[in-house]
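# Notes for the structure review
Read off the chains here:
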Amino acid sequence: MAEPEENGWEQVHFCASRGFLKSLERCLESDPNLLELETADGLRQTPFLLAVGSGDQDIVDFLVKRNAKVNVVNSQNNGAVEICAIKGYVSLLKYLATLNLPDLPVYDRLLKMLVSDTEEEVEAAGKCLATMTEKLEDVSGGSVINPEWQYLYDNGGVPAIVKVAKNTIQDEFKIPAIQTLLNIIEKQEVQDQFVSSGGMPVFIHLLKSQILEVVELSCQVIRDLAVNKHFAELLVQNQAVTNILRILQSFEEPEVLVFAVQAIRNIAQSSTKLCSTLGSTQGLITALVHLFDCNDSHLLLALTQAVSCLAEGDNSNQTAFVTEGVSKHIKNILITHGRYREIQHSLIEAIHKLSNGNQQAQLDLKSHGIVKLLIQLLKKKRVEALLEKTAMALWSLAGERNDEKREMANYIDVPMLIEFLNSNTANINFIGSEGLGVLAQGPINKQSEIGKANGIPSVVRLLKSPHEFIVLSSVRTVRNLCVSVANVPHHNNQNSVLQSQGIRFLLALLVHSANEVIQVEAAYTLGCVSMGNKQILKEISKHSDFSFVRILRLLYSNQPIVRLLAGSALSSFAYNNFTQQKEIAQQGGVRFSCFIPFLQSDDEFYRCHAAYQTVVLARIIPDEEQAKSSAVGIKLLVDLLQDSEVPAIQSLTADFVASLCHSRAGIPAAIIAINGVDYLCNLLHSNTQEVKGTAAIALGYLSHDPVGQRKILHRCRNDPYLMRKILFYNREFHLASTFKEGWQHYRKIGLPPIQSDRTNLVQAKLEDTGSFVPASSSNLHDEGPMSRLSTTFNRRDSLYNSHLSIVSQRSPTPLASLVQIEEVK
């Protein structure tokens, strides 16, 4: 034992240091005073400190149980906690922490070490804390916060970490402390304490660090804080965005850029105000778009998510992204990284958010062939989540105009849209219904194709949906499928609705729905489904709960759109049906005063509908002469043909005019007498197919009036291209035989040539871009049977969701002056 004694160690020290448990036990049994014997080597270490220094948990446990002093320190002022930290004995530290010894506050001592001015101690303590608070894996493979977070929080760990971040030591030694913070920052208590301790400006400053890992970790801290709306606002106020933008512009390392982009995403997601602020930050959107040139999948995912958040509901940001050229990047990533499911989903979401409500973005994305890529994806994939995202992106790209929606619905095609109706996802159901609804309209519609493809039972099934927006859409789609321009009923589809129990469901909605809009829409659709169909009218009338009183009550609703649609519902039942008119009159009838607010409205949509309704219902309006109420309606409709500059209103008005032309004698003559033919012919020059189609069909009905026929032929003789349009959009029976004979006569005596630069009637699809361009006019014939084309067309229902945005720039004609025009005989 001489050698140990010379080195200042006794046998008990060797046993404790080298893990000789039995020998240590015998030493202490022979002399209990050896338990606290210090070494004579200048370090003054007890057996307990030596056992800690060796990292032997069994020896430490033995000595603790023998009541060894655990709060002793050596001559370097290092106790058990400090020794473990310096040597990196994290498992032993965890064990000592679980003992919860009053004389050995593990976290307290670690945190005192953390705020030391010695870089090595700061780093050592930080590494231990980072390991002790590492997140744990849960049963699903994810991660959960380590319960140790509470000990760290309770002992002032968060302010200590903030103090380390402020410290003047080199940034690289701060890394473990920052990692510790990231382990626990998801907890709201931690975030609150972090901000109250002044941590936010400190970490924003660390974004300027020269140490790459410090910048990366600081970006993660900012990212996690930005989830909280209040903290996101504070971050913006403290110039966090400016520093993050500098990172985006100057760093090339994806591991840093990912977290910087995610921080931007979270700030944008926290509020619409901050989203707008980010978009207006000079250079930010440009920097994000430039980063798309990378090939790192994690960064691409972060970028597409950021685009979605910045673009959602912000028109300026949407425009800025497409102006900076994001569309070409989206296309390239869809092609090159489409196999990565997460990126694929995120890209489709970005397309949806970019294009939603922004026509410029829609056109730009479509011009880059995005539609074709999405359609290919739609046809190949059957995963419900991806199907929903893709369908929503496509429908968002379609825009608000009916012709654009029809174009997109044609791309998706009827079988796929019917498949959408049978999905278990509400959004897909809605798109399926809306798509079929627009295809059921138009100069060349697909009412018959949808009916033959068994689409009507699927639409009818949605009338029972628990979602009101789907119910409303399906009600309108049923209406579009059953009646067309000029109130021409589609009897096969009407009967299919009856066979699918659709009448029963519509009646249930009228009677039992708590939503007045659904009630009146159901009533309107019932009128259209039963138009010209005695069997369905009989089915409706025998239903004990049906009464026109229900619809008449809706004329006095607090909602203007409900009152307006109640008039449309009554008009659809009363159209060319004297029996129904009589029943409406017997059950209360309608008053002219109900229409006056709409007839005098600045909103062309309201004015147009009310004008049509007053003509159809003129016979059963008791408080105004039939001739005067008809004259008011006709004058207003013709004025709209002349003055409206909104294509949707132009086509709607022409539709109503076409309907009235084959309702009562004298109406065509009245329309012709106030220049209706000229105004309709002018609309044939429209760039919108819907307007040309409805105007051509209205002229077809007016061709049965001798005066109207002469006027139309005169206009067509001066401009033969007008006749081409009339023939193209009209089925043969719409045109008077004498009208066609007159045209043949004009052809024989000679007509001026059609200019080669005139726009065409139909449009051809560009498969590579997903857009449409005019086809060659040489593909069209001057005349001849067009039975292969359906001329049914209906713009009425497509306007109901957007009518408030369609306001005339012209003041309505005063009613007092309208009644002065020539009365309708």
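Residues numbered from 1 in each chain as written. Predicted model: local features only at pLDDT ≥ 70, side-chain atom pairs only at ≥ 80, totals over all residues. Heavy atoms only, no water.

Per an unreviewed UniProt entry, the protein chain carries the name Ankyrin and armadillo repeat-containing protein-like and comes from Biomphalaria glabrata.

## Overview of the overall build of the protein chain
Heads up, the rule is: Strands are runs of DSSP state E lasting at least 2 residues, helices are runs of H or I lasting at least 4, and numbering of each runs from the N terminus. Each residue gets one of three labels from its accessible area relative to the maximum for its type: buried under 20%, exposed over 50%, partly exposed in between, using a 1.4 Å probe on protein chains only. Whether two residues touch is decided by their heavy atoms; if any such pair falls within 4.5 Å, the residues are in contact. Computed with the Shrake-Rupley method and a 1.4 Å probe, the accessible areas treat only the protein chains shown as cover for residues.
Within the protein chain, the secondary structure is distributed over 51 helices and 4 strands. Counting only residues that meet the buried cut, the protein chain has 58% of its 825 residues in that class. Taking as baseline every contact in the protein chain between residues at least 6 positions apart, the subset at least 24 positions apart corresponds to 72%. Counting every atom, the protein chain has about 34400 Å² of accessible surface; 47% of that belongs to carbon and sulfur.

## Overview of the state of the cysteines
Counted only if it meets this: What counts as a disulfide here is a pair of cysteine sulfur atoms lying within 2.5 Å.
Scanning all chains against the criterion turns up 0 disulfides. Distance from the sulfur of Cys275, which forms no disulfide, to the nearest cysteine sulfur (Cys309) is 7.8 Å.

## A closer look at the pattern of salt bridges
This is how it is decided: Salt bridge, as applied in this entry: a Lys or Arg side-chain nitrogen positioned within 4 Å of an Asp or Glu carboxyl oxygen.
This structure, assessed with the given rule, holds 19 salt bridges. Here Arg223 ties to Asp224 by a salt bridge, and the two come within 2.9 Å at their closest N and O atoms. Exposure remark for Asp224: the relative accessible area of 16% places this residue in the buried category.

## A short note on helix H18 (residues 254-270)
Heads up, the rule is: The length a helix should cover is 1.5 Å for every residue beyond the first.
The end-to-end C-alpha distance of H18 is 24 Å, a good match for the 24 Å that 17 residues give at a rise of 1.5 Å each. Across the 17 residues that make up H18, a large majority, 14, are buried.

## A short note on the environment of Phe469
Inspection of the secondary structure assignment puts Phe469 in helix H33 (residues 468-482). By relative accessible area, Phe469 is classed as partly exposed at 37%. In the structure, Phe469 is positioned 43 residues away from Ala426 in sequence and 9.3 Å away in space, judged by C-alpha atoms. Contacts of Phe469, omitting those with residues within four sequence positions, involve Ala426, Asn427 and Phe430.

## What about the packing of helix H42 (residues 604-616) against helix H43 (residues 626-643)?
Packed helix pairs are characterised by how far apart their axes lie and by the angle those axes make with each other. As a reminder, the rule being used: Axes here refer to lines fitted to C-alpha atoms; in helices the fit is confined to the stretch in contact. Angles between the N-to-C directions go from 0 to 180 degrees. Each crossing is labelled by how the near helix is turned from the far one, with a counterclockwise turn of less than a right angle marking it left-handed and a clockwise turn marking it right-handed. Side-chain classes follow a simple rule in which Ala, Val, Leu, Ile, Met, Phe, Trp, Tyr, Cys and Pro form the nonpolar group, Asp, Glu, Lys and Arg form the charged group, and the remainder, Gly included, forms the polar group.
For the pair H42 and H43, interaxial distance at closest approach is 7 Å and the crossing angle is 145°. The two elements H42 and H43 cross, and the hand of that crossing is left-handed. Residues Glu604, Arg607, Cys608, Ala611, Tyr612, Thr614 and Val615 of H42 lie in contact with H43, whose contacting residues are Ser629, Ser630, Gly633, Ile634, Leu636, Leu637 and Leu640. Looking at the contact of H42 with H43 residue by residue, the class counts come to 8 nonpolar, 4 polar and 2 charged.

## As for helix H15 (residues 212-225)
The end-to-end C-alpha distance of H15, which contains 14 residues, comes to 20 Å, matching closely the 20 Å that a straight helix rising 1.5 Å per residue would cover. Residues of H15 that are buried: Val214, Val215, Glu216, Leu217, Ser218, Cys219, Gln220, Val221, Ile222, Arg223, Asp224 and Leu225. Elements that come into contact with the buried residues of H15 comprise helix H12 (175-184), helix H13 (188-196), helix H14 (199-206), helix H16 (229-237), helix H17 (240-250) and H18.

## Here we look at unusual backbone geometry
Unusually for a residue other than glycine, Arg44 sits at a positive phi of about 55°. Tracing the backbone through its elements, the reader meets Arg44 in the loop between helix H3 (21-30) and helix H4 (47-54). Classification of Arg44 as partly exposed rests on a relative accessible area of 46%. One non-glycine residue, Asp413, lies in the positive phi region at around 80°.

## A word on the UniProt feature "repeat: ARM" (unreviewed entry) in the protein chain
Stated precisely, the cut-off is as follows: UniProt positions are given in the numbering used here, feature names are shortened, and annotations may be inferred rather than shown by experiment.
Mapped onto the present numbering, the UniProt feature "repeat: ARM" (unreviewed entry) falls on residues 198-240 and 454-481. Between the C-alpha atoms that bound residues 454-481 there is a distance of 12 Å. The span itself is 75% helix and 0% strand.

## Some words on the UniProt feature "repeat: ANK" (unreviewed entry) in the protein chain
According to UniProt, the positions carrying the feature "repeat: ANK" (unreviewed entry) are residues 43-75. Its end C-alpha atoms 5 Å apart, residues 43-75 is made of 52% helix and 0% strand.

## Some points on the nonpolar core
Condition: Working definition of a nonpolar core: buried Ala, Val, Leu, Ile, Met, Phe, Trp, Tyr and Cys residues. They are joined through side-chain atoms within 4.5 Å.
Ranked by internal contacts, the top residues of the largest apolar core, which has 283 residues, are Phe48, Leu63, Leu110, Leu114, Leu248 and Phe420. If we ignore the near neighbours within four places in the chain, the residues touching Phe48 are Val60, Leu63, Val64, Ala68, Lys69, Val70, Val72 and Ala80.

## With respect to the packing of aromatic side chains
Heads up, the condition is: Classification of ring pairs uses Phe, Tyr and Trp, with its six-membered ring standing for Trp, and accepts pairs whose centres are within 6.5 Å; under 30 degrees between planes counts as stacked, over 60 as edge-to-face, and the remaining range as tilted.
With the rule as written, the count across this model stands at 12 aromatic pairs. Here the aromatic rings of Phe546 and Phe573 are separated by 5.7 Å at their centres, their planes lie at 45°, and the arrangement is tilted. Note that Phe546 is positioned in the loop between helix H37 (534-541) and helix H38 (548-554) and Phe573 in helix H39 (residues 560-574), a separation of 27 residues in sequence. Classification of Phe546 as buried rests on a relative accessible area of 13%. Both rings, one in Phe548 and one in Phe573, keep their centres 5.2 Å apart while their planes meet at 85°; by these two values the pair is edge-to-face. Here Phe548 is found in helix H38, whereas its partner Phe573 is found in helix H39, with 25 residues between them in sequence. You can call Phe573 buried: its relative accessible area is 3%.

## Here's the deal with the confidence of the model for the protein chain
Cut-off, in case you're wondering: pLDDT expresses, on a scale from 0 to 100, how confident the predictor is about each individual residue.
Averaged over all residues, the pLDDT of the protein chain is 88; the fraction at 70 or higher stands at 90%. Scored below 50 in pLDDT, residues 762-795 makes 97 contacts in the model with residues more than four places away or belonging to other chains. pLDDT under 50 marks residues 797-825. Its contacts with residues more than four places away, or in other chains, come to 71 contacts.

## Details of the packing of helix H36 (residues 516-529) against H39
Using the following cut-off: Orientation categories follow fixed angle ranges, with anything under 35 degrees roughly parallel, anything over 145 roughly antiparallel, 65 to 115 roughly perpendicular, and all other angles oblique.
With their axes 7 Å apart at the nearest point, H36 and H39 run at an angle of 20° to one another. Taken together, the axes of H36 and H39 lie roughly parallel to each other. Crossing of H36 against H39: the hand is left-handed. Where H36 abuts H39, its residues Glu516, Val517, Val520, Glu521, Ala523, Tyr524, Leu526, Gly527 and Cys528 lie against Val562, Leu565, Ala566, Ser568, Ala569, Ser572 and Phe573. Classifying every residue of the contact of H36 with H39 by side-chain character gives 11 nonpolar, 3 polar and 2 charged.

## Examining the environment of His230
Structurally, the position occupied by His230 is in helix H16. You can call His230 partly exposed: its relative accessible area is 47%. For the pair His230 and Ser271, spaced 41 residues apart in sequence, the C-alpha to C-alpha distance is 9.6 Å.

## Focus on the side chain of Asn358
Formally: Counting of polar contacts relies on pairs of N or O atoms within 3.5 Å, with two restrictions inside protein: one atom must be capable of donating a hydrogen and the other of accepting it, and residues adjacent in sequence are counted only when both atoms are side-chain atoms.
Within the element layout of this structure, Asn358 appears in the loop between helix H24 (341-355) and helix H25 (359-367). With relative accessibility at 2%, the residue Asn358 sits in the buried group. A distance of 3.1 Å separates a polar side-chain atom of Asn358 from the backbone nitrogen of Gln360.

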